[in-house]
Amino acid sequence: MLGLIAFMRACVSLVFCIFILIYVVKFLKRLERTTVVAGRLFLAAKKLHMVNVAMLIGLILVHVFTVTLLVENYVVREIGRYFVSLSLPFFLYAVHELYEVVR
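Residues numbered from 1 in each chain as written. Predicted model: local features only at pLDDT ≥ 70, side-chain atom pairs only at ≥ 80, totals over all residues. Heavy atoms only, no water.

1. Describing the overall build of the protein chain
Looking only at helices and strands, one finds four helices and zero strands in the protein chain. Going from the N terminus to the C terminus, the protein chain shows its helices and strands as α-α-α-α. Since a compact globule built from 103 residues should have a radius of gyration of about 13 Å, the 17 Å found for the protein chain marks it as more spread out than a globular shape. Taken along its principal axes, the extent of the C-alpha atoms in the protein chain is 50 × 25 × 20 Å. Per-residue burial for the protein chain yields a buried fraction of 24% across its 103 residues. Put simply, 80% of the contacts in the protein chain that link residues at least 6 apart link residues at least 24 apart. Per element, the accessible surface of the protein chain, about 7,200 Å² overall, is 76% carbon and sulfur. Seen as two clouds, the 11 positive and the 5 negative side-chain charges of the protein chain have centres 9 Å apart. (Helix = DSSP H or I, 4+ residues; strand = E, 2+ residues; numbered from the N terminus. Rg over C-alpha atoms; globule rule 2.2 N^0.38 Å. Buried < 20%, exposed > 50% of the residue type's maximum accessible area, 1.4 Å probe, protein only. Contact = heavy atoms within 4.5 Å. Areas by Shrake-Rupley, 256 points an atom, 1.4 Å probe, with all protein chains shown as cover. Lys, Arg positive; Asp, Glu negative; His and termini not counted. Charge placed at Lys NZ, Arg CZ, Asp CG, Glu CD.)

Written out as structure tokens, the structure is:
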């Protein structure tokens with residue numbers, strides 16, 4: 001049963017990572033127009049604040065994972081893996097909103 005749950009978590013994480021990769025590539029393609037991007041970033045301060053908050057929450061969740069790796073207990077390490085899986089939607093939201101600003 002635990003193996004099935006881990007497999008499902010890995011599949012969902014893979015889907016999130018693929019979407020994050022797609023949005024990062026789209027975002028980097030849009031950065032070729034530097035003057036347009038700089039102007040849009042300046043005008044979308046509220047959206048950028050939400051991007052920063054989402055990235056901060058994602059980074060805190062990843063940091064919790066790195067702390068749980070120091071513990072020898074299997075259950076604590078498994079909880080840390082769930083925290084990493086939980087951070088992926090925050091990163092996807094942040095990258096998507098950042099792409100929407102520069103689009």
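2. A short note on the packing of aromatic side chains
To describe a pair of aromatic rings, one takes the distance between the centres and the angle between the planes. Per the counting criterion, the structure on display carries one aromatic pair. Ring centres 5.8 Å apart and planes at 50° place the aromatic pair Y23 and Y99 in the tilted group. Residue Y23 is found in helix α1 (residues 2-30), and its partner Y99 is found in helix α4 (residues 74-102); the two are separated by 76 residues along the sequence. An identical accessibility class is assigned to Y23 and Y99; each is buried. Its guanidinium or amino end placed over the ring of Y82, R9 lies 4.6 Å from that ring's centre, counting from NZ or CZ. (Phe/Tyr/Trp six-rings, centres within 6.5 Å; stacked < 30°, edge-to-face > 60°. Lys NZ or Arg CZ within 6 Å of the ring centre and 35° of its normal.)

3. Here's the deal with the nonpolar core
With 10 residues, the main nonpolar core is built from I20, Y23, F27, V37, L88, F91, L92, V95, Y99 and V102. Those elements that provide at least two residues to this core are α1 and α4. (Core = buried A, V, L, I, M, F, W, Y, C linked by side-chain atoms within 4.5 Å.)

4. A few points about the packing of helix α3 (residues 45-68) against α4
Viewed as axis vectors pointing N to C, α3 and α4 meet at an angle of 160°, and their least axial separation amounts to 8 Å. With respect to α4, the element α3 is oriented roughly antiparallel. Crossing of α3 against α4: the hand is left-handed. When grouped by side-chain class, the residues that make up the contact of α3 with α4 number 21 nonpolar, four polar and five charged. (Axes fitted to C-alpha atoms, helices over the stretch in contact; angles between N-to-C directions. Parallel < 35°, antiparallel > 145°, perpendicular 65-115°, else oblique. Left-handed = near helix turned anticlockwise from the far one by under 90°. Nonpolar A, V, L, I, M, F, W, Y, C, P; charged D, E, K, R; others polar.)

5. Some words on a nonpolar patch on the surface
A contiguous nonpolar patch, built from M1, L2, L4, I5, F7, M8 and Y82 and spanning about 800 Å² of accessible area, is present on the exposed surface. Here the nonpolar patch gets five residues from one element, more than from any other, and that element is α1. Position of L4 among the secondary structure elements: in helix α1. Owing to a relative accessible area of 52%, L4 belongs among the exposed residues under this scheme. (Patch = residues over 30% accessible without salt bridge, like charges linked within 9 Å, V, L, I, M, F, W, Y side chains within 5 Å. Salt bridge = Lys/Arg side-chain N within 4 Å of Asp/Glu carboxyl O.)

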